[in-house]
Amino acid sequence: MDLTTLLLWLVLTGTVMGLAGMTSNHDAGFAAVLFVILLLAPLIVLVSPRNAPWFVALLWLVTVLVPALLVRRFNRLVIGRRYAAALLVSRMIVLLHPFGEWRYQHRLMRALALLDRGQRDRAIAQLDTLQATSGCPPTTIMSARMNSARLRGEWGDLLADDMAGQIDHPVALVGRMRALGELGRIPELIGAYAQQAIRIAQARSQRLTSWSFLPWSYLQLYLFAFTGRPEPAMRLLNGPLSGFPRETREFWRLTAELAQGGTAAEDARRTLVALQTQTKDLELRHDIARRLDMAPAPALDAAAEAVLREAEASLSPTAPGGVAQTATPRRWISFLLRSGRATLVLALLNIIAFVLEMRAGNTEDVRVLFQLGGLWPPAVLQGGEWWRLGTALFLHAGVLHIGLNMLALLVLGPQIERLYGPWRMLLIYAVAGLGSMVVVLGVTELHWIPVELLIGASGAIMGLLGAVAAWLLRLRAVRPAPGVMFRLGQVVLIMVLQAMFDIMTPAVSFTGHAAGAVTGFVAGWLVLPRSKFPAELATVPSQQPVSPYHVVRIVAASALAALTGWLYSVS
């Protein structure tokens with residue numbers, strides 16, 4: 001296994017998996033870029049096979065990674081209401097992706113940036129023009145409409161418009177919830193939230209990034225703020241909505257206290273007046289002027305109180321802010337220690353074995369690996385050294401080999417432990433690992449493949465992936481939903497891409513990996529726990545069936561990636 005082959009495979013795999021995850025029209029621009037990379041990759045291999053991995057990686061870096069980082073920066077700037085800076089970032093994204101939705105996002109930021117200069121009338125005029133622009137994506141139209149309603153204070157018109165029939169879209173739901181709260185229609189606000197409570201729970205269970213989860217956090221903020229619940233509102237403002245400017249967070253805290261009524265409302269009103277005098281944010285001054293006329297929230301019936309209690313209980317105290325957060329190394333390590341103890345034991349055994357390899361000599365030396373227990377078919381079949389079936393699972397040829405396998409183990413292992421339990425996970429790992437070795441022995445004895453020294457945990461790790469497929473197939477029978485097939489398709493796609501890498505890399509055993517996946521599937525199916533399936537496994541963010549067009553696109557992308565890999569392997 002060499003670095004350039006691995007680099008090419010990682011880029012191709014990341015590109016295909018990126019396309020597989022883009023199921024909405026909102027991602028059409030980036031999806032087109034990814035497909036162009038896959039179209040150009042085989043041509044690059046034909047022109048310059050030796051340097052192809054570096055050229056393809058550079059192309060991916062400029063057209064995918066850099067824009068993705070810019071989008072992340074853009075989102076943070078918008079949350080912080082730093083529209084002038086967001087305008088600059090959007091211009092950079094448009095330069096790299098001069099098509100799709102970002103042209104209109106840039107125009108939206110251009111209108112909002114006028115607010116930083118106090119030009120409200122011009123900003124409103126440009127927002128109105130953007131809404132009427134032919135070809136403007138629905139999401140951008142909804143954002144422009146909400147900002148226009150906020151600047152004019154025309155919340156009733158926003159509700160009457162019903163967001164152009166897009167009321168189930170998260171952005172439209174944010175606008176509707178805000179409008180209901182601003183108009184004091186609290187029972188309708190609570191009812192609208194109750195209708196979306198399941199989707200909010202599903203979004204949280206997906207462990208989405210902070211930006212993906214933001215619309216649902218907005219819904220909860222408006223629920224708590226306009227019903228007079230300062231404490232849960234602050235947990236949101238200090239958690240997923242901590243990117244708000246300090247004065248904006250204070251504004252929403254005081255909104256909740258105003259709605260609470262009593263002496264808290266009187267203190268909040270005085271603080272709002274002081275904030276209005278001190279702030280340099282002209283739009284915040286207008287918002288405060290309207291907020292000072294706000295009446296306390298009305299008394300609620302038992303059903304409404306139950307919705308609020310359930311919403312507050314959903315804010316888990318184990319996470320900052322009580323809701324889904326962006327994945328961080330610290331949170332992943334915490335999850336690993338909590339749910340991946342068997343995984344850590346296996347990783348530790350592999351690392352200890354690798355240390356012993358280094359002490360014995362060169363970890364890529366075939367003689368050293370054989371002496372330590374590598375699987376050499378003649379030694380097993382003719383010499384009776386069956387113990388090699390187990391020891392070979394813990395040996396690796398070089399830092400890159402063990403590094404990739406341990407990374408895959410640490411990603412997959414805790415998930416399998418959560419689904420099956422630690423003992424079943426260890427059983428699946430052992431059965432898949434030993435099964436892959438036995439199958440390689442068998443096909444070697446039949447002279448279907450050449451005799452080679454076999455080492456590594458890859459077969460066992462592929463068995464864990466097979467166990468995930470078994471779980472999802474059983475789940476589909478219990479709870480048929482689009483998300484189950486979506487996730488099952490992702491697992492199959494990973495297996496296909498792994499097979500492509502095996503074919504590209506002669507030193508990697510395709511037979512061992514395939515046998516491990518099949519053996520792991522069978523073992524996972526046989527030891528499936530009878531407990532209730534976690535609901536989050538049946539959901540995907542879009543909650544929509546995958547279209548036939550998307551399936552065709554992924555098949556075509558996989559074929560292009562396989563073609564690139566084959567051309568590179570024979571060049």
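Numbering of residues starts from 1 in each chain and follows the order in which that chain's sequence is written. Local features are withheld for residues below a pLDDT of 70 in this predicted model, meaning they are given only at 70 or higher, and side-chain atom pairs are given and counted only at 80 or more; totals for whole chains, interfaces and linings count all residues. By convention in this description, side-chain values take in all heavy atoms of the structure and omit both hydrogens and water.

### Here's the deal with the overall build of the protein chain
Point 1. In this text, helices come from DSSP runs of H or I with a minimum length of four residues, and strands from runs of E with a minimum of two, each type numbered from the N-terminal end. A tally of regular secondary structure across the protein chain gives 27 helices and zero strands.
Point 2. A 1.4 Å probe rolled over the protein chains alone gives each residue an accessible area, and that area as a share of the maximum for its type sets the label: buried under 20%, exposed over 50%, partly exposed in between. Looking at the protein chain as a whole, 50% of its 571 residues are labelled buried.
Point 3. Whether two residues touch is decided by their heavy atoms; if any such pair falls within 4.5 Å, the residues are in contact. Long-range pairs, those at least 24 residues apart, make up 71% of the contacts in the protein chain between residues at least 6 apart in sequence.
Point 4. Only the protein chains shown count as cover for residues, with accessible areas throughout obtained via the Shrake-Rupley method and a probe of 1.4 Å. Total accessible area on the protein chain is roughly 26600 Å²; 64% of this is exposed by carbon and sulfur atoms.

### Section: the packing of helix H18 (residues 341-360) against helix H22 (residues 399-420)
The relative placement of two packed helices comes down to the angle between their axes together with the axis-to-axis distance.
Point 1. In contact at an axis separation of 8 Å, H18 and H22 are set at 165 degrees when each is read in the N-to-C sense. When the interaxial angle is binned, H18 and H22 end up roughly antiparallel. When you trace H18 past H22, the crossing you get is right-handed. For the pair H18 and H22, the contacting residues are Arg341, Ala342, Thr343, Leu344, Leu346, Ala347, Asn350, Ile351 and Phe354 in the first and Val399, Ile402, Met406, Leu409, Leu410, Gly413, Pro414 and Glu417 in the second.
Point 2. For this classification, Asp, Glu, Lys and Arg are treated as charged, while Ala, Val, Leu, Ile, Met, Phe, Trp, Tyr, Cys and Pro are nonpolar and the rest, including Gly, are polar. Broken down by class, the residue content of the contact of H18 with H22 amounts to twelve nonpolar, three polar and two charged. Convention adopted: a line fitted to C-alpha atoms gives each axis, helices being fitted over their contacting stretch, and angles between N-to-C directions are expressed from 0 to 180 degrees. Orientation labels follow simple angle bins: below 35 degrees gives roughly parallel, above 145 gives roughly antiparallel, 65 to 115 gives roughly perpendicular, and whatever is left gives oblique. We call a crossing left-handed when the near helix sits turned anticlockwise from the far one by less than a right angle, and right-handed when that turn is clockwise.

### A short note on the pattern of salt bridges
Point 1. Salt bridges are defined as contacts in which a side-chain nitrogen from Lys or Arg sits within 4 Å of a carboxyl oxygen from Asp or Glu. Applying the stated criterion to the full structure yields 14 salt bridges.
Point 2. Here Glu182 and Arg291 are joined by a salt bridge, their closest N and O atoms 2.8 Å apart. Here Glu182 is found in helix H9 (residues 170-182), whereas its partner Arg291 is found in helix H15 (residues 282-291), with 109 residues between them in sequence.
Point 3. On the accessibility criterion, Glu182 (21% relative accessible area) is partly exposed.
Point 4. You can call Arg291 buried: its relative accessible area is 2%.
Point 5. The closest approach of N and O atoms between Asp267 and Arg270, which form a salt bridge, is 2.2 Å. Of this pair, Asp267 and Arg270 both sit in helix H14 (residues 262-278), three residues apart, which is roughly one turn of that helix.
Point 6. Residue class for Asp267 comes out partly exposed when judged on its relative accessible area of 39%.
Point 7. On the basis of relative accessible area, Arg270 is assigned to the exposed category, the value being 54%.
Point 8. Residues joined by salt bridges that share partners form a network here, namely Arg150, Asp287 and Arg290.

### Description of the confidence of the model for the protein chain
Predicted coordinates in areas of low pLDDT are best not read in detail.
Point 1. Of the residues in the protein chain, 85% have a pLDDT of 70 or more, and the chain-wide mean is 83.
Point 2. The predictor's confidence in any single residue is recorded as pLDDT, a number from 0 to 100. In this model, residues 205-211 is a region of pLDDT below 50 whose contacts with residues beyond four sequence positions or in other chains number 15 contacts.
Point 3. The model gives residues 535-543 a pLDDT under 50, and that stretch makes 29 contacts with residues more than four places away or in other chains.

### Regarding the environment of Asp287
Point 1. Mapped onto the secondary structure, Asp287 falls in helix H15.
Point 2. Between the alpha carbons of Asp287 and Leu151 there is a distance of 8.6 Å; along the sequence they are 136 residues apart.
Point 3. Apart from residues lying up to four places away in sequence, Asp287 is in contact with Arg81, Arg150 and Phe251.

### Let's talk about the packing of helix H3 (residues 52-79) against helix H5 (residues 102-116)
Point 1. Relative to each other, H3 and H5 sit at 30 degrees, their axes nearing to 13 Å. With respect to H5, the axis of H3 lies roughly parallel. As for how H3 packs across H5, the hand of that crossing is left-handed. Listed contacts from H5 to Val71, Phe74 and Val78 of H3 are Trp102, Gln105 and Met109.

### Digging into the environment of Leu254
Point 1. Within the fold, Leu254 resides in helix H13 (residues 246-260).
Point 2. For Leu254 and Leu272, which are 18 residues apart along the polypeptide, the C-alpha to C-alpha distance reads 7.1 Å.

### Quick notes on the packing of aromatic side chains
Point 1. Two aromatic rings from Phe, Tyr or Trp, using only the six-membered ring of Trp, form a pair when their centres are within 6.5 Å; if the ring planes differ by under 30 degrees the pair is stacked, by over 60 it is edge-to-face, and anything between is tilted. Scanning the entire structure with this criterion turns up nine aromatic pairs.
Point 2. With a centroid separation of 5.7 Å and an interplanar angle of 40 degrees, the aromatic rings of Tyr218 and Phe244 are classed as tilted. With Tyr218 in helix H11 (residues 210-226) and Phe244 in the loop between helix H12 (230-237) and H13, the pair connects residues that are 26 residues apart, well separated along the chain. Considered together, Tyr218 and Phe244 belong to a single accessibility category, that of buried residues.
Point 3. Seen in terms of ring centroids, Tyr222 and Trp252 are 5.3 Å apart; in terms of plane orientation they differ by 45 degrees. Their pairing is tilted. In this pair, Tyr222 is assigned in helix H11 and Trp252 in helix H13, connecting sequence segments 30 residues apart. Here Tyr222 matches Trp252 in class, with each residue buried.

### So, a nonpolar patch on the surface
Point 1. Each patch groups residues whose relative accessible area exceeds 30% and which form no salt bridge, using 9 Å between like charges and 5 Å between nonpolar side chains of Val, Leu, Ile, Met, Phe, Trp and Tyr. Together, Leu58, Leu61, Val62, Leu65, Val66, Leu69 and Leu96 give the surface a local cluster of nonpolar side chains, amounting to about 520 Å² of exposed area.
Point 2. Secondary-structure assignment places Val62 in helix H3.

### Side note on a positive patch on the surface
Point 1. Residues counted as positive are Lys and Arg, residues counted as negative are Asp and Glu, and His and the chain ends are not counted. Charge positions are represented by NZ for Lys, CZ for Arg, CG for Asp and CD for Glu. Judged by side-chain charge, Arg72, Arg73, Arg76 and Arg82 come together as a positively charged surface patch.
Point 2. Counting through the fold element by element, Arg73 comes out in helix H3.

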